[in-house]
Amino acid sequence: MGDLASKLDKAYEGKSVAELADAPVAALQGVSDSDAEHLKSAFGVKTVRDLGTNKYFLWAQSIAKLAE
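The structure contained in this document is the topic of the report that follows. (Residues numbered from 1 in each chain as written. Predicted model: local features only at pLDDT ≥ 70, side-chain atom pairs only at ≥ 80, totals over all residues. Heavy atoms only, no water.)

Considerations on the packing of aromatic side chains
Quick reminder of the rule: Pairs were defined over the aromatic rings of Phe, Tyr and Trp, the Trp ring being its six-membered one, requiring ring centres within 6.5 Å. Orientation was assigned from the angle between planes: stacked under 30 degrees, edge-to-face over 60, tilted for the rest.
In total, this model carries three aromatic pairs according to the counting rule given. Among the aromatic side chains, those forming a connected cluster through ring pairs are Phe 43, Tyr 56, Phe 57 and Trp 59.

Okay, here's the thing in structure tokens:
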């Protein structure tokens, strides 16, 4: 995964992995508050953990890996 801090907004750099899992998805670099609201309304995703364990994202990731 490389440098984890480079994938986070500055306010979340240095947080523990447990804290990051429960952080809002907007903690991820490039995910705006507006994007986070869309993810929440469309998929019920509120946290980084929700995003990482969402069945639709996992299915899509599996399909993409199989297509490689």
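The discussion continues.
Here we look at the pattern of salt bridges
Condition: In what follows, salt bridge is the name for a side-chain nitrogen of Lys or Arg lying within 4 Å of a carboxyl oxygen of Asp or Glu. Each residue gets one of three labels from its accessible area relative to the maximum for its type: buried under 20%, exposed over 50%, partly exposed in between, using a 1.4 Å probe on protein chains only. Here a strand is any run of E in DSSP of at least two residues, a helix any run of H or I of at least four, and the numbering for each starts at the N terminus.
The tally for this structure, following the rule as stated, stands at two salt bridges. A salt bridge links Lys 10 to Glu 13; the shortest N-O distance between them is 3.9 Å. Since its relative accessible area comes to 32%, Glu 13 is described here as partly exposed. Asp 22 is the partner of Arg 49 in a salt bridge, and the nearest nitrogen-oxygen pair spans 3.0 Å. Of the two residues, Arg 49 sits in helix 3 (residues 48–53) while Asp 22 sits in the loop between helix 1 (17–21) and helix 2 (33–43), which places them 27 residues apart along the sequence.

A closer look at the environment of Leu 39
Among the structural elements, Leu 39 can be located in helix 2. For the pair Leu 39 and Glu 19, spaced 20 residues apart in sequence, the C-alpha to C-alpha distance is 20 Å.

Structural notes on the nonpolar core
To be explicit about the condition: Note on terminology: a nonpolar core comprises buried Ala, Val, Leu, Ile, Met, Phe, Trp, Tyr and Cys residues joined through side-chain atoms within 4.5 Å. It only takes one pair of heavy atoms within 4.5 Å for two residues to be counted as in contact.
Core analysis: the biggest nonpolar cluster contains six residues, these being Val 25, Ala 26, Val 31, Ala 36, Leu 39 and Val 45. For Leu 39, the contacting residues outside a window of four places in its chain are Val 25, Gly 44, Val 45, Leu 51 and Phe 57.

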